[in-house]
Amino acid sequence: MSNKSQEDFWSENPCGRDGDFDLVAKQRYDMEPYLPREFENIKKDYNDYLEIGCGQGVDAISISKLLSKKSKYIAIDFSKESIEIAKKHLIQKKISENFAVEPYFQEGDAQALNFENEKFDFIYSMGVLHHTPDPQKCIDEIHRVLKTNGEALIFLYKKGSLKVEIAKFMRFIQKSLDKILKKDRFIYQILNKKKSPIFGTMFLECFGVPWFENFTEKEIYRMFRNFKKIDVKAYGYNFPKINKKNLTGENKFGYFHRIHLIK
Ligand SMILES: C[S@@+](CC[C@H](N)C(=O)[O-])C[C@H]1O[C@@H](n2cnc3c(N)ncnc32)[C@H](O)[C@@H]1O
């Protein structure tokens, strides 16, 4: 699949629900309730922050509100549509809240970062690199643009977790049908026509997204071996939680690897 058709997919399907910032943020932090706490723990006074695959910009806006005045936060995404929505969300939030640091949203490709070597002190990427054809290339790019001793926080799909295995099984069924019928993503094309709100992110993961990778812990250590320090934890919840207070995100059945790195 070409870069162009991947870009088209993500522009037609910006990640997350439709709506204003508060609605999109509510859905996001209902699904991943531990993220606001993660953001609180990010060091606030670095100079240069980069987010890769910012989608509709909800995390970028939430993080940059917490940073010190001198910091710069750049958030990139493949999808033109997502970048446009992220900019609108920022304008909406600026009406009611003061921002010491405003995130700067721009189009960009995780596999070929348009930045000089050793530019950033901190890099964040949540749920993105496993949707690219070459995650290792993205990781090498992160390593290149991160300063020596800089930090990165990356979330990637964990092989063997319930959500990931269901999505893989559904993708297998679709692939088999595609082979027989000589179609491209047959189930996705049929169901997508209906555009029902029940077809949310999980529907896209099962049938829509062009690339879907997942990794064992051993594979994670191998892919990130050029970093000086690696800390990997299983994170996330396969089902929405009713009581979201005090959730750290750490969960041995979680569907993400939370990967904290020092270069
Ligand atoms: C599952 S969404 C995650 C968005 C956001 N990080 C979040 O957690 O809500 C994946 C995002 O990665 C972006 N993406 C996919 N491939 C990319 C690439 N090669 N470079 C930059 N962004 C990419 C998509 O456009 C999409 O916005």
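The structure contained in this document is the topic of the report that follows. Predicted model only: the values in this text are computed from it and were never measured. Residue numbering note: each chain is counted from 1, following its sequence as written. Only residues with pLDDT of at least 70 get local features here, since the model is predicted, and only at 80 or more are side-chain atom pairs given and counted; chain-wide, interface and lining totals rely on the full set of residues. Side-chain metrics rest on all non-hydrogen atoms present in the structure, leaving aside hydrogens and water.

## A word on the side chain of Glu38
Reasoning step 1: Secondary structure elements are taken from DSSP: a helix is a run of H or I of four residues or more, a strand is a run of E of two residues or more, and numbering for both begins at the N terminus. Summarising the element assignment, Glu38 is placed in helix 3 (residues 35-40).
Reasoning step 2: In this structure Glu38 comes out as buried when scored by relative accessible area, which is 7%. Type-normalised accessible area, obtained with a 1.4 Å probe on protein chains alone, sets the label of each residue: buried when under 20%, exposed when over 50%, and partly exposed for intermediate values.

## Considerations on the pairing of strand 3 (residues 104-107)
Reasoning step 1: Strand direction decides the pairing type here: strand 2 (residues 72-77) and strand 3, joined by 4 bridges, are parallel. Bridged to Ile76 within strand 3 is Gln106.
Reasoning step 2: For crossovers, right-handed means that the path from the first strand over the helix to the second runs clockwise, given strands pointing away from the viewer. As a crossover connection, the stretch from strand 2 through helix 5 (residues 80-96) into strand 3 is right-handed. Here, a strand pair is defined by DSSP locating no fewer than two bridges between the strands.

## Let's talk about the environment of Lys65
Reasoning step 1: Tracing the backbone through its elements, the reader meets Lys65 in the loop between helix 4 (58-64) and strand 2.
Reasoning step 2: By relative accessible area, Lys65 is classed as partly exposed at 33%.
Reasoning step 3: The spatial distance from the C-alpha of Lys65 to the C-alpha of Asp18 is 22 Å, given a sequence separation of 47 residues.
Reasoning step 4: If we ignore the near neighbours within four places in the chain, the residues touching Lys65 are Glu97, Phe99 and Val101. Only heavy atoms matter for contacts: two residues are in contact if any of them lie within 4.5 Å across the pair.

## Concerning the site of the ligand
Reasoning step 1: Note on terminology: near, applied to a residue and a molecule or strand, indicates that one of the residue's heavy atoms is within 4 Å of it. Neighbouring the ligand are 16 residues; Cys15, Arg28, Gly53, Asp77 and Ala110 lie closest to it.
Reasoning step 2: Residues adjacent in sequence count toward polar contacts only when both atoms are side-chain atoms; beyond that, a polar contact is any pair of N or O atoms within 3.5 Å, and within protein one must be able to donate a hydrogen and the other to accept it. Within the side chain of Asp77, a nitrogen or oxygen atom sits 2.5 Å from an oxygen atom of the ligand.
Reasoning step 3: Asp109 has a polar side-chain atom sitting 2.9 Å from a nitrogen atom of the ligand.
Reasoning step 4: Isolated, the ligand exposes 590 Å² of accessible area, and the fraction of that covered by the protein chains is 95%.
Reasoning step 5: Under this grouping Gly is polar, as are all residues other than the nonpolar Ala, Val, Leu, Ile, Met, Phe, Trp, Tyr, Cys and Pro and the charged Asp, Glu, Lys and Arg. Its residues placed into classes, the shell around the ligand shows 6 nonpolar, 7 polar and 3 charged. Only the protein chains shown count as cover for residues, and all accessible areas are computed by the Shrake-Rupley method using a 1.4 Å probe.

## With respect to the environment of Asp30
Reasoning step 1: Residue position: Asp30 is located in helix 2 (residues 21-31).
Reasoning step 2: Residue classification places Asp30 among the partly exposed positions, given a relative accessible area of 26%.
Reasoning step 3: A C-alpha to C-alpha distance of 6.9 Å links Asp30 and Pro240, two positions 210 residues apart in sequence.

Nothing here speaks to function; it is geometry throughout.
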